[in-house]
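Coordinates in review
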Amino acid sequence: MKLTKPLSIVIITLLVQFAAMPQAVPAAKPAEPSPGTPPTVLPPDETGIPRGFRGIELGMGLEEVQKLLTGDGMFVYRGEPDVSLLPRPNETLIEVAGISYVKRAFFQFYEGKLFVMIFAMNEKKIDHYSIFTEMSKKYGKPDSLTPSESIWLDAASRVSIERPLAVKYIDLETFNKLKEAGQAEQSYEEVLRSEFLNGF
């Protein structure tokens, strides 16, 4: 079949336009790192200071904490004998003996949720400097530093290392709510008083 001149010009024009169109190129494979190249360092997790120790987290329920204590060899948890009600309504305290590095631990609950943890450390096994150095390495310099305590703060939590050697975790939302009601300081003092009396 013989093409007329105008039709052949149209076909040639279409072929030229098609040839000029950008063609799909397979995606390039990411380059493999050469031997000896250090891995890419990702930015640190910006979740702030820790809210837990050995899997027990601020905000957990009473039964969940009891279950974790039962399965943790660091603590000698006896169950209900270690649980007591504080004088104010809606507050519960677990006081449990520790093994090795932890001498005693206190878990305070408000309305069934954990909001204070205190770990009295065994200074024969661990020292203030070691804990301070490790926490500073992970979470930076403390927000407050005095001879008696080092404090790390963020919007949700307060963690401190205190003398005599104890590490304390506080959920600030609950603590501030109780503080406004004038209960937080009293509650905190009761835990310290219990720790003191237990020494006799």
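For the structure itself, look to the data block above.
Bear in mind that the values here come from a model prediction, so they are computed numbers and not experimental data.

Here the bond from R163 into P164 is cis, since omega is -5 degrees, no more than 30 degrees from zero. Looking at the secondary structure, you find P164 in the loop between β10 (157-162) and β11 (166-171). Despite not being glycine, R54 shows a phi value in the positive range, around 55 degrees. For R54, the location among the structural elements is in the loop between β1 (52-53) and β2 (56-57). The exposure class assigned to R54 is partly exposed, which follows from its relative accessible area of 42%. Positioned with a positive phi, S100 is a non-glycine residue whose angle comes to about 70 degrees.

Turning next to the nonpolar core. In terms of nonpolar packing, the biggest core is built from 29 residues, with V65, F107 and F119 touching the most fellow members. Discounting chain neighbours no more than four positions away, the residues touching F119 are F53, F75, V102, R104, A105, F107, L165, A166, V167 and Y169. Membership of the second largest hydrophobic core comes to eleven residues, among which are L93, Y110, F115 and A166.

For the rest of this paragraph, the subject is the pattern of salt bridges. Side chains that differ in charge, positive against negative, can pair when their charged atoms come close. This structure, assessed with the given rule, holds eight salt bridges. A salt bridge links R158 to E149; its shortest N-O distance comes to 3.5 Å. What you see here is one network of salt bridges that share partners, running through E134, K137 and K138.

The rules we used
Residues numbered from 1 in each chain as written. Predicted model: local features only at pLDDT ≥ 70, side-chain atom pairs only at ≥ 80, totals over all residues. Heavy atoms only, no water. Helix = DSSP H or I, 4+ residues; strand = E, 2+ residues; numbered from the N terminus. Buried < 20%, exposed > 50% of the residue type's maximum accessible area, 1.4 Å probe, protein only. Core = buried A, V, L, I, M, F, W, Y, C linked by side-chain atoms within 4.5 Å. Contact = heavy atoms within 4.5 Å. Salt bridge = Lys/Arg side-chain N within 4 Å of Asp/Glu carboxyl O.

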